[in-house]
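Below, each chain spelled out in residue letters.
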Amino acid sequence: MALDRRWLLGAGIFAMHFALQIGTLLGAFSLGMGRFGTGEPAGNAETVLAAASGILTFPIVWGMGVLPKSFHNAVSGLGIAGTILGYVPFVLNSAIWGMIAQHAYGQLKKRK
């Protein structure tokens, strides 16, 4: 039964993290596009959503941003951007956090 709870916790954290990660990214993007070309500075909501998106995309998507430009050019040549494969880093990122939550829950249960 404990294994089932750990898997449910991991899957739940994965799903919530993925939804929040994509939601904050789309929210920040949509607010930014709403003021595109006006010259107005980013508002509070856009700033908060962009910061939350940056936090939620750590470590996989964030790590891809610090890779050299030559890597991005090589990946762009594969035609991944704009396809379903473009979401793979986001899925991996959420999976990492789901596994961390699952492991932490297991360690806490062992202490009792």
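What counts as what
- Residues numbered from 1 in each chain as written.
- Predicted model: local features only at pLDDT ≥ 70, side-chain atom pairs only at ≥ 80, totals over all residues.
- Heavy atoms only, no water.
- Helix = DSSP H or I, 4+ residues; strand = E, 2+ residues; numbered from the N terminus.
- Rg over C-alpha atoms; globule rule 2.2 N^0.38 Å.
- Buried < 20%, exposed > 50% of the residue type's maximum accessible area, 1.4 Å probe, protein only.
- Contact = heavy atoms within 4.5 Å.
- Patch = residues over 30% accessible without salt bridge, like charges linked within 9 Å, V, L, I, M, F, W, Y side chains within 5 Å.
- Areas by Shrake-Rupley, 256 points an atom, 1.4 Å probe, with all protein chains shown as cover.
- Salt bridge = Lys/Arg side-chain N within 4 Å of Asp/Glu carboxyl O.
- pLDDT = per-residue confidence, 0-100.
- Phe/Tyr/Trp six-rings, centres within 6.5 Å; stacked < 30°, edge-to-face > 60°.

Here the focus is the overall build of the chain. A count of helices and strands for the chain gives 5 helices and 0 strands. Listed by position from the N terminus, the elements making up the chain come as α-α-α-α-α. Relative to the compact-globule value of 13 Å for 112 residues, the chain shows a C-alpha radius of gyration of 17 Å, a clear excess of over 25%. Structurally, the chain occupies a C-alpha span of about 55 × 35 × 20 Å along its principal axes. With 112 residues in all, the chain has 19% of them scored as buried. Considering only contacts in the chain between residues 6 or more positions apart, those separated by 24 or more positions represent 79%.

For the rest of this paragraph, the subject is a nonpolar patch on the surface. Among the surface-exposed residues, I84, L85, Y87, V88, V91 and L92 lie close enough to one another that they form a single nonpolar patch of about 550 Å² accessible area. Among the structural elements, Y87 can be located in the loop between α4 (69–76) and α5 (88–111). Among the residues examined, Y87 registers a relative accessible area of 42% and is labelled partly exposed.

Its place among the elements puts L56 in helix α2 (residues 44–56). What L56 contacts, discounting residues up to four positions off in sequence, is H17, L20, Q21, T24 and N93.

Our focus in this paragraph is the confidence of the model for the chain. Per-residue confidence for the chain gives a mean pLDDT of 86; residues scoring 70 or more make up 92%. α2 holds the highest mean pLDDT among the elements of the chain, 93, whereas α4 holds the lowest, 73.

What follows covers the packing of aromatic side chains. Summed over the entire model, instances satisfying the criterion amount to 2 aromatic pairs. Judged by centre distance (6.3 Å) and plane angle (15 degrees), the ring pair of F14 and F18 falls under stacked. You can see F14 and its partner F18 sitting in helix α1 (residues 2–34), 4 residues apart, about one turn around the helix. According to the relative accessible area criterion, F14 is partly exposed, its value standing at 28%.

Glancing now at the side chain of S94. Examined against the element boundaries, S94 turns out to sit in helix α5. Assessed through its relative accessible area of 0%, S94 is described here as buried.

The next point concerns the environment of I96. Take I96: it is sitting in helix α5. Spatially, the C-alpha atom of I96 lies 23 Å from that of G82, the residues being 14 residues apart in sequence.

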